[in-house]
Amino acid sequence: METATNIAAAPRVNPWVDQIAAYVPGKALTSDGRPAIKLSANENPFGPPPAAIDAMAATLPNAHRYPDGSATALRAAIAARYDLEPARIVCGAGSDEVLQFAATAFAGPEDEVLMTQFAFSVYPIAARRVGATPVVVPEREYVADVDALLAAVTPRTRMLFLANPNNPTGTVLPRAEIERLHAGLPPTVLFVHDSAYAEYLEGEADYTDGIDLARRAPNVLVTRTFSKIHGLGGARVGWGYGPAPVIAAMDKVRGPFNLTTDAMAGAVAALADIDHAGRSRAHNLEWRAWLRAELAGLGNRGVRVIPSAANFLMLEFPETGALTAEGAFKALMAAGYITRWLVPQGMVRNLRISIGTEAETRGVAAALRGWVETVG
Ligand SMILES: *Cc1c(COP(=O)(O)O)cnc(C)c1O
């Protein structure tokens, strides 16, 4: 009786919150606590643009003042850079927060939120925290399956989260497939096109970052981030662009001062540093291709490298035998390289490796090949 009383007297966690499997961030230390080369979070190996560091530092003496809650300067800079209307932009503490705003404004209990089988792990959290049900749709060969996504729509579907290119697979859907997907969705379903890696494909004719669709469609939201090519993951800046009513609803659920003054100043400076972004893109293209070619030789041992359009490569290890993703993860860790073994995504056979500096990329390739040779 007493136990029952005690349980009844305790605050009750919302049941939908109880169901959240917490996000597992990329590690920064090896298992025995040594600092290591972090290739687990798709960060920019060049660091932040120097101008962004200066801009952030310059704001610090004013840290006693509240930030501009409307992110006026940042939205103006984004609008100018991408030819958008500032009023249709919402900023978040990382695009993670923008994804949360979207779910909070457009989904709730009894609702369904579509996502692909190997989706960004924030999506199920965003859905569950508002009591909605994540509906996970099978992919084909690690690529989003438009027909399967459309077949999964029910009267309860409120939203679709799709990262393009996708994380953790690195695969991309061409523009025609994105347009076919959008055309097949009911207009009542909010299509969230997460373009976190869009800058790595800049100029590719067959790719859309979704912005052209969001300009004209009443149900498309594009999300972007400063965490990847702009090298500001620690500053937490992301943004969304969508129809005015969608943005207005998201603004209502946004905290009044959700971005810090220094982070916004850093982002404005980063956006202006076209050279830093260009260098980062060129470096990524070169070393992603190099790493892919270097690891292609492991194909005869059954290790596949999945083609990637982003700043990382995903590997698939054989179904049986000693050559496992877990073994590779541990061997690389012992060699001082932290990669991402994708167990939290239910991908026991997969390892994701971010593209680092030249030395880091050469080093991780050598360590992986060396380990494979020791495995019989
Ligand atoms: C890294 C990433 C983001 C960005 O997250 P931030 O909160 O902006 O740091 C968003 N979506 C995907 C798919 C990502 O991989």
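Residues numbered from 1 in each chain as written. Predicted model: local features only at pLDDT ≥ 70, side-chain atom pairs only at ≥ 80, totals over all residues. Heavy atoms only, no water.

### A short note on helix H4 (residues 72-82)
Those residues of H4 lying buried are Leu74, Arg75, Ile78, Ala79 and Tyr82. Along the axis of H4, the buried residues cluster in a sector spanning 130 degrees; they form a single face. For H4, the exposed residues set more than 90 degrees away from the buried face come down to Ala73 and Ala80. Contacts made by the buried residues of H4 are with strand S2 (89-92), helix H9 (211-216), strand S7 (220-225), strand S8 (238-241) and helix H11 (261-272). Residue aspartate 83 follows H4 closely and has a positive phi angle near 60 degrees. (Buried < 20%, exposed > 50% of the residue type's maximum accessible area, 1.4 Å probe, protein only. Helix = DSSP H or I, 4+ residues; strand = E, 2+ residues; numbered from the N terminus. Arc of directions from axis to C-beta. Contact = heavy atoms within 4.5 Å.)

### A few points about the site of the ligand
Of all residues adjacent to the ligand, which total 13 residues, the nearest are Ser95, Tyr197, Thr225, Ser227 and Lys228. Within the backbone of aspartate 96, an N or O atom sits 2.9 Å from an oxygen atom of the ligand. Burial of the ligand by the protein amounts to 94% of the accessible area it has alone, namely 390 Å². Of the residues in the shell around the ligand, the class split is 4 nonpolar, 5 polar and 4 charged. (Near = heavy atom within 4 Å. Polar contact = N/O pair within 3.5 Å; in protein donor to acceptor, adjacent residues only side chain to side chain. Areas by Shrake-Rupley, 256 points an atom, 1.4 Å probe, with all protein chains shown as cover. Nonpolar A, V, L, I, M, F, W, Y, C, P; charged D, E, K, R; others polar.)

### So, the nonpolar core
Counting 46 residues, the largest nonpolar core has Leu74, Ile78, Leu84, Phe191, Phe226 and Trp239 as the members making the most contacts within it. With 7 residues, H11 is the single largest residue contributor to this core. Sequence-distant contacts of leucine 74, defined by excluding residues within four places in its chain, comprise Cys91, Phe226, Val237, Leu259, Met264, Ala267 and Val268. Leu39, Leu315, Phe329 and Val364 belong to the second-largest nonpolar core, a separate cluster that totals 28 residues. (Core = buried A, V, L, I, M, F, W, Y, C linked by side-chain atoms within 4.5 Å.)

### Some words on the pairing of strand S13 (residues 350-354)
The buried fraction of S13 amounts to 5 of the 5 residues, a majority that puts the element mostly inside the structure. Residues Asn350, Arg352 and Ser354 line one face of S13 and the alternating positions Leu351 and Ile353 line the opposite face, and both faces are buried. Sheet analysis places strand S10 (residues 312-316) next to S13, joined by 5 bridges and oriented antiparallel. Bridging across to S13, glutamate 316 finds its partner in asparagine 350. For strand S12 (residues 340-341) and S13, the ladder comprises 2 bridges, and the chain directions are antiparallel. Note on S13: the bridge partner recorded for arginine 340 is arginine 352. (Pairing = 2+ DSSP bridges.)

### Some thoughts on the sheet that holds strand S6 (residues 190-194)
Strand order in the open sheet formed by 7 strands is S2-S8-S7-S6-S5-S3-S4, and the pairing between neighbours is mixed. Among the strands making up the open sheet, the edge pair consists of S2 and strand S4 (133-137). Shown here is a sheet whose adjacent strand axes are inclined to one another by a mean of 20 degrees, direction ignored. As paired elements, strand S3 (residues 112-116) and S4 share 5 bridges and run parallel to each other. By the bridge assignment for S4, threonine 116 is matched with valine 137. Packing of helix H8 (residues 175-184) onto the sheet brings it into contact with strand S5 (157-163), S6 and S7, and relative to S6 it is tilted by some 160 degrees. (Axes fitted to C-alpha atoms, helices over the stretch in contact; angles between N-to-C directions.)

### Comments concerning unusual backbone geometry
Both trends apply: most residues other than glycine have a negative phi, and most peptide bonds are in trans. Note the cis peptide between asparagine 164 and proline 165, where omega equals -5 degrees. Checked against the element boundaries, proline 165 lands in the loop between S5 and H8. The omega torsion of the bond from asparagine 167 to proline 168 falls at 15 degrees, within 30 degrees of zero and hence cis. Here glutamate 141, not a glycine, exhibits a phi torsion of approximately 55 degrees, which is positive. Along the chain, glutamate 141 falls in the loop between S4 and helix H7 (146-151). Its identity as a non-glycine residue notwithstanding, arginine 236 has a phi of 60 degrees, on the positive side. With respect to the secondary-structure elements, arginine 236 resides in the loop between S7 and S8. Exposure remark for arginine 236: the relative accessible area of 31% places this residue in the partly exposed category.

### Topic: the packing of helix H3 (residues 50-59) against H11
One way to put it is that H3 packs onto H11 with a least axis distance of 8 Å and a crossing angle of 150 degrees. By the criterion of interaxial angle, the relationship of H3 to H11 is roughly antiparallel. For the element pair H3 and H11, the recorded crossing hand is right-handed. Residues Ala51, Ala52, Ala55, Met56 and Thr59 of H3 touch H11, and the partners they reach there are Thr261, Asp262, Ala265, Gly266, Ala269 and Ala270. Residues that form the contact of H3 with H11 fall into these classes: 7 nonpolar, 3 polar and 1 charged. (Parallel < 35°, antiparallel > 145°, perpendicular 65-115°, else oblique. Left-handed = near helix turned anticlockwise from the far one by under 90°.)

### Quick word on the packing of aromatic side chains
This model, assessed by the stated rule, comprises 8 aromatic pairs. With centroids separated by 4.7 Å and ring planes inclined at 15 degrees, the aromatic side chains of tyrosine 123 and phenylalanine 161 adopt a geometry described as stacked. Placement of the pair is tyrosine 123 in helix H6 (residues 122-128) and phenylalanine 161 in strand S5, with a sequence separation of 38 residues. In this structure tyrosine 123 comes out as buried when scored by relative accessible area, which is 0%. Aromatic ring contacts, followed pair by pair, group Phe120, Tyr123 and Phe161 into a single cluster. (Phe/Tyr/Trp six-rings, centres within 6.5 Å; stacked < 30°, edge-to-face > 60°.)

### Remarks on the packing of helix H5 (residues 95-106) against helix H10 (residues 244-253)
Where H5 meets H10, the axes come as close as 9 Å, and the angle between the chain directions of the two elements is 100 degrees. With respect to H10, the axis of H5 lies roughly perpendicular. Taking contact as the criterion, the partners of Val98, Phe101, Ala102, Thr104, Ala105 and Phe106 in H5 are, on H10, Val246, Ala249, Met250 and Val253. Here the residues of the contact of H5 with H10 are counted per class, giving 9 nonpolar, 1 polar and no charged.

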